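# Survey of secondary and tertiary structure
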Amino acid sequence: MGDALARQDAITLEDSASVAAWIDGHVEWQAHSNMSASGVVAVLQDGELIYSRGFGFQDREEGIPVDPDSTLFRPGSISKLFTWVAVMQQVEAGNLDLDTDVNEYLSNFQIEDTYDEPITLRHIMTHTPGFEDGGLGYLVVVEESYTDTLEESMRRFQPARVNPPGAHTAYSNYATALAGLIVQNVSGQPFNDYVQENIFDVLGMENSTFEEPLPEHYARQEAIGYQVERGEFAGKDFEIVGAFGPAGGLSSTSTDIMRFAQAIINGGELDGRRILSEATTEQMLSRAFSHDERMMGLALGFYETDQNGIRIVGHGGDLFHAHSDLAIDLGNRIAIFSSFTGNGGSAVRASIVPAFYDKFFPRIEAPPAIPDGFAERAEKYAGMYHFWRQNFSTIERVRSLSPGMTVAPTDDGALTLASGGGAKQYVEIEKNLFRERDSTVMLTPRLSPRLIAFQEDQSGDIQGMVIDGLPFMSLYKSPGYANTTFNVALLLFSLIVFAGVLLRLGYRWSDMRELNPRERAAVNASILVAVANLLFVGVAISVVATYQMELFIGLPFVFKAMLVLPIVAFAAGIYHAYRLIGVWKDGLFNGVWSRVRFSFVTLAALAMCWFYYFWNILGFQYLA
């Protein structure tokens, strides 16, 4: 692998007509297949824009086609690259140090000192500060609610620290926005103004801004985000990242993004003007962190990927209605930018760079051979793995109930990695390092890692995993009580028991008159616990289905109100357990089987008590 990754022979894409024809065909098919209404692709090599084309309409109602030079797309987290350049500019100016406690650069609030080791800008730029993830109710805002300043938001929405700095990668929008605040503090300029003056103006990026909503003179240039609804493209409102702008608030054209990419390729310079010195640019683009040196890692802000043995640096970006990618091949002096709207835009943008390198920089590898004796140790890798990028302290923890990545041994000595309904097999090539068995098999439309590596503790037990292409999001091996399979089974068991309570009540209602007062009280306890739990689950499913991603804009009253039900259900569960003691002690009901049934209801009730507690559903645990 080392020789392949070292290959940096410059290859000129001389036949631009053939390049254009291939990209046209690939993108048109992908956009149609994934129902993406609009997008843009640009490719440059050696300072020449060899491909630049818009697809679809920036405004379907007005019939305005996408123009690469003027249509403003929302590149999402590609915005972070401008924040990292701003940080390095201040490092170069002597105003910031990458290894100083970030609290030294904050005035009106401080990052909690959960661990002895402080968080530094180096940790932030390598996504290793140890913050949990979050955003429910506040990450994206509507215009009328956009009131908090960058500093106010960083103080108000500070996430919990769940890992020591430098221990695990966990992508953090909060940490990036914090870096933007630090630039603002040490430069004495509002972040948006700083980037405009020190990056956009220097590079001649005339159609780029961090201002939200768009300034009036840009209003007619917005690429409206279209989603497919009821078989038609429906235009969506401009997404405002608000006070988290340094992490994702950029609006820009593909032409402007290419100017930025060329400056990075040139070592910080474009048309005789510099945003960084060559030495600082090299420092920023050199690997700064990796969980496993045999795989790609993170530079300072830019992350590495491996495309057919060629090192690529860059960043992807996703908002709800726009999906983008910037890939920079420093060795071949190539940059590729793409941005597409709609849910399907995610699959379109994810397909372009891998397909491009398969076409123009192919590499053929023989399938790896299964090593002798692996089957004997394969089981230690088996289990469910979850990303460290999740929430642990608020109700957002429930989001990690979604299935993680499951690893299981195959019959012939390989490992299967499954996620999102897709699966792919891997073969051990070195200790704890595995390579894909068949490069043509996709795991998911957006993820098809070539390599996976496992992390073990001092006892040799597997604790986590990192996957090729996502160096900024490592995974931990989930304990059984926290994984999806166990919790879904627990939830289904409890709901079936509670449904049985109500069904039995329906056809045995007449028996209630024959019960003595203590038996009737016990039955009423079962009715209460069943109704409270079933009602909460039903309301929660309805609220999530109705509001979906709007929950990241703001929490509706019904969301907050429904959290009363788990409190009632928890209290009812404890009360039911109290009644169970009397049921057995006093020999209530007719026969042991009736008391066993009551015990099963108690078991289901207490299981839900644990469920609400563990997943932070109990109480009003949200930040917004």
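Remember, it's a predicted structure, so these values are computed and weren't measured experimentally.

### A look at the pattern of salt bridges
Throughout the structure, instances matching the rule amount to 27 salt bridges. Across the pair Arg 435 and Glu 365 runs a salt bridge, and its minimum N-O distance is 3.3 Å. Separated by 70 residues along the polypeptide, Arg 435 in strand β18 (residues 433-436) and Glu 365 in the loop between α11 (345-360) and α12 (374-377) bring together distant segments of the chain. Each of Asp 306, Arg 363, Glu 365, Arg 435 and Arg 450 takes part in one network of salt bridges that share partners.

### So, the confidence of the model for the chain
Of the residues in the chain, 97% have a pLDDT of 70 or more, and the chain-wide mean is 93. Of the regions scoring below 50 in pLDDT, residues 1-10 engages in 21 contacts with residues more than four places distant in sequence or in other chains.

### Re the side chain of Glu 428
Turning to its location among the elements, Glu 428 is positioned in strand β17 (residues 422-430). Given a relative accessible area of 9%, Glu 428 falls into the buried group. Among the polar contacts listed, one links the side chain of Glu 428 to the side chain of Arg 377, at a separation of 2.3 Å. Ignoring sequence-local partners within four residues, the contact set of Glu 428 consists of Ala 369, Pro 371, Phe 374, Arg 377, Tyr 381, Leu 433 and Phe 434.

### With respect to the side chain of Gln 30
Within the secondary structure layout, Gln 30 lies in helix α2 (residues 16-33). Discounting residues that sit within four places of it in the chain, Gln 30 has contacts with Ala 347, Val 348 and Ser 351.

### Remarks on the environment of Ser 286
Within the secondary structure, Ser 286 is located in the loop between α10 (278-285) and β10 (303-307). Overall, the relative accessible area of 34% leaves Ser 286 in the partly exposed class. Ser 286 sits 27 residues away from Val 313 along the chain, and the two C-alpha atoms are 9.6 Å apart. Those residues within four positions of Ser 286 in sequence are excluded, and the remaining contacts are Leu 298, Ala 299, Leu 300 and Arg 311.

Criteria and cut-off values
Residues numbered from 1 in each chain as written. Predicted model: local features only at pLDDT ≥ 70, side-chain atom pairs only at ≥ 80, totals over all residues. Heavy atoms only, no water. Salt bridge = Lys/Arg side-chain N within 4 Å of Asp/Glu carboxyl O. Helix = DSSP H or I, 4+ residues; strand = E, 2+ residues; numbered from the N terminus. pLDDT = per-residue confidence, 0-100. Contact = heavy atoms within 4.5 Å. Buried < 20%, exposed > 50% of the residue type's maximum accessible area, 1.4 Å probe, protein only. Polar contact = N/O pair within 3.5 Å; in protein donor to acceptor, adjacent residues only side chain to side chain.

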